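The primary structure of each chain is shown beneath.
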Amino acid sequence: MLTCIQKLVETLNDQGIRYCHWKSNFYLQAALAGEGDLDLLVERQQAQMFESLVADLGFKRVIEPVQASCPSIWHFYGLDQTTGQLVHLHVYYRLITGESLLKNYSFPLEGLLLSETESVDGMPIPSAASELVVCVLRMMLKHGNLAEALLLWRSNENFQAELTQLFQNCSEADYTRILTEYFPTVEPQLFNQCLVCLCQERSWWHRWRLADRLKRQLHPFNRLGVAQTGRLRFQIFAQKLLGRLWKLGKSKYLASGGAVIAFVGPEATGKSTLVQSTTQWLGQAFQVRTVHLGKPPATGLNYLPNLALPWLRRVASGHRKSVVDSKLRQAKLAKGKAGDDAGPTVPKSWLYALRAVLVAQDRYRLACKIRRQAVNGRLVICDRYPSTIIGAMDSPRLDLIEGTSWKIRVFNRLTRLEHRIYGQIPPPDLVVQLTVPLKIALQRNRDRQKFENEAYVSQRHQQAIVPLYPHTLAISLDTGQSQFDTIQAAHRIVWGAL
């Protein structure tokens, strides 16, 4: 059992919360180990207390926009600090079930399931008879739909083993009593036919006929009308299909909203590794997007210059960023030797300045785009993020120079424009500032498939200007520890800030 789940069970039991793991207890041990979700039925009158307790344990409420809204069903996710796994609680305040696409039936069994329970590793589960009744009804309802039946056919042996175990642990009199008392419209003979049909290899046509009869007898327990059911089923199916076709990934988002999360730091501090691991980790459950603010996609005026870059690098090699930066360092050294009256030190490269302005514009547009996505629920993981600190990574590159000539005035105008664009970039919600000793950074650089020159890496570390984000939560992380420990620490930081 995961530590997170163990704490949850102990807390709920200690506080007297009435709850149980109401379905699929054949796989309960796997669920307690973090494989799949925990389906918890909770006493409706204790909903506020339950949500307060799970919030104290670090669980966060999550919205599933694709499913039809139901005020009695909620999702909560928490982080297991030991393993780094996300733990999913699927919480029900009413027993609402049915097809996977649309939960259209409300069964009045909450009191029964919560009162007749037994404990497995501290987790309350319903009696075998009541769970058998629920299992047969919800499985047969799924067979009334072709798409659902095909999905069930793939896992036929699994639910047959589950039903067999439940049937062996109760008597026919037990489940017949429950059926008669709580489902007076359902004939016990039809229920037994459904049970036999599920436990044996019967044709899809036979199962569909039984499911159709069962649906008619369960009509009083419908949650939605006929017209609304058809409309919602089509809407949910279309959304899921489009999501698959466009490879949109998961659709859930945090009830508190999305966020822009940036990993920043010098070369070989592990930015790419942490961005990739965080994206995969959060992408298991949420809408996630990854962007590289250091290399934004070209837009507008920068599109054609980007296409011409290979040619410009050959014919105007003296204007390349690396060459200009080298000249700048040499000029500063020369000025230090010659005194303060040695004149301006920034090379007045118009191409360099124009390119810097266009890159700033691309970063601004990308930052605004991901901000809109975060406001609408998506989690955006950024490799680097611009700041307003001149000379910091992915930040303003130009600096004002003294002089009155028209060339210098044009250069300074481009400089002010670049600074103004960076000043308008919306801040991220969280910045994880990565640090690592130079020795470890050099070793990591050697281990890369595409490594940088060691002198370049050393220079970037020694001369790195730390970007500042005054209106953002910024947390420092030393990545000199093992990769596993670093990833776990990063995940804890991110989850705590969401």
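The structure under discussion appears in the preceding block.
Here the structure is a predicted model, which means the values were calculated and not measured.

Asker: Honestly, the sheet that holds strand β13 (residues 379-383) in this entry has me stumped. Any pointers?
Answerer: Two strands in a sheet stick together by hydrogen bonds in their backbones, pointing the same way (parallel) or opposite ways (antiparallel). Across the sheet, which stays open at both edges, the 5 strands sit in the order β12-β13-β11-β14-β15 with parallel pairing between neighbours. A single partner strand is all that each edge strand has here, and the edge strands are β12 (288-292) and β15 (473-478). When the angles between neighbouring strand axes are averaged without regard to direction, this sheet yields 20°. Of the strand pairs in this sheet, strand β14 (residues 430-435) and β15 are connected by 6 bridges, and their pairing is parallel. Its bridge partner being in β15, Val431 is matched across the sheet by Ala474. Across the sheet, helix α16 (residues 350-375) is in contact with β11 (259-264), β12 and β13; its angle to β12 comes to roughly 165°. Contacts between helix α20 (residues 483-497) and the sheet are confined to β11, β14 and β15, with β15 contributing the most and set at about 170° to the helix.

Asker: Is there a simple way to think about the packing of helix α5 (residues 128-142) against helix α9 (residues 188-199) in this case?
Answerer: To characterise two packed helices, one gives the angle between the axes of the helices and the distance between these axes. For the pair α5 and α9, the least separation of the axes is 10 Å and the interaxial angle reads 75°. Accordingly, the angle class assigned to the pair α5 and α9 is roughly perpendicular. Residues Leu132, Val133, Val136, Leu137, Met139 and Met140 of α5 form the contact with α9, whose participating residues are Phe191, Cys194, Leu195 and Leu198. For the contact of α5 with α9, the per-class residue count stands at 10 nonpolar, no polar and no charged.

Asker: What should I look at first to understand unusual backbone geometry in this one?
Answerer: Excluding glycine, most residues fall at negative phi; most peptide bonds, likewise, are trans. A positive phi angle is found at Asp121, which is not glycine, with a value near 55°. By the secondary structure assignment, Asp121 is in the loop between β8 (117-120) and β9 (123-126). Unusually for a residue other than glycine, Arg384 sits at a positive phi of about 75°. One can find Arg384 in the loop between β13 and α17 (406-423).

Asker: How do you make sense of α16 when you look at a structure like this?
Answerer: Helical geometry: 3.6 residues make up each α-helical turn, so side chains three or four residues apart lie on a common side. Compared with an ideal rise of 1.5 Å per residue, which puts 26 residues at 38 Å, α16 spans 38 Å between its outermost C-alpha atoms and is within 8% of the ideal. Immediately beyond the C-terminal end of α16, within one or two residues, lies Gly377, with a positive phi of roughly 115°.

Asker: For this particular structure, what's the right way to read the state of the cysteines?
Answerer: By definition, a disulfide is the covalent link that joins the sulfur atoms of two cysteine residues. One pass over the structure, following the stated rule, counts 0 disulfides. Of all cysteine sulfurs in the structure, the one in Cys135 sits closest to Cys199, which takes part in no disulfide; the separation is 8.9 Å. Given a relative accessible area of 28%, Cys199 falls into the partly exposed group.

Asker: Honestly, the packing of aromatic side chains in this entry has me stumped. Any pointers?
Answerer: Geometrically, a pair of aromatic rings is defined through the distance of the ring centres and the angle of the planes. For the structure shown, the criterion picks out 13 aromatic pairs. Look at Trp281 and Trp495: their rings are 6.3 Å apart centre to centre, the planes differ by 65°, and that puts the pair in the edge-to-face class. With Trp281 in helix α12 (residues 271-283) and Trp495 in helix α20, the pair connects residues that are 214 residues apart, well separated along the chain. Like Trp495, Trp281 is buried.

Asker: Quick question: what am I supposed to make of a nonpolar patch on the surface here?
Answerer: Taken together, Trp350, Trp406 and Val410 make up a surface patch of nonpolar side chains, about 310 Å² in accessible area. Relative to the assigned elements, Val410 resides in helix α17. Assessed through its relative accessible area of 34%, Val410 is described here as partly exposed.

Asker: Hey, could you run me through the pattern of salt bridges in this one?
Answerer: Oppositely charged side chains can pair when the atoms bearing their charge come close. Under the counting rule described, the total for this entry stands at 9 salt bridges. Glu64 is paired through a salt bridge with Lys252; the nearest N and O atoms lie 3.9 Å apart. With Glu64 in the loop between β3 (60-63) and β4 (73-79) and Lys252 in the loop between α11 (226-245) and β10 (253-254), the pair connects residues that are 188 residues apart, well separated along the chain. The two residues Glu64 and Lys252 agree in class, both being buried. Across the pair Glu181 and Arg177 runs a salt bridge whose closest N-O atoms are separated by 3.8 Å. Taken as a pair, Glu181 and Arg177 lie in helix α8 (residues 172-182) at a separation of 4 residues, close to a single helical turn.

Parameters at a glance
Residues numbered from 1 in each chain as written. Predicted model: local features only at pLDDT ≥ 70, side-chain atom pairs only at ≥ 80, totals over all residues. Heavy atoms only, no water. Pairing = 2+ DSSP bridges. Helix = DSSP H or I, 4+ residues; strand = E, 2+ residues; numbered from the N terminus. Axes fitted to C-alpha atoms, helices over the stretch in contact; angles between N-to-C directions. Contact = heavy atoms within 4.5 Å. Parallel < 35°, antiparallel > 145°, perpendicular 65-115°, else oblique. Nonpolar A, V, L, I, M, F, W, Y, C, P; charged D, E, K, R; others polar. Expected span 1.5 Å × (residues − 1). Disulfide = S-S within 2.5 Å. Buried < 20%, exposed > 50% of the residue type's maximum accessible area, 1.4 Å probe, protein only. Phe/Tyr/Trp six-rings, centres within 6.5 Å; stacked < 30°, edge-to-face > 60°. Patch = residues over 30% accessible without salt bridge, like charges linked within 9 Å, V, L, I, M, F, W, Y side chains within 5 Å. Areas by Shrake-Rupley, 256 points an atom, 1.4 Å probe, with all protein chains shown as cover. Salt bridge = Lys/Arg side-chain N within 4 Å of Asp/Glu carboxyl O.

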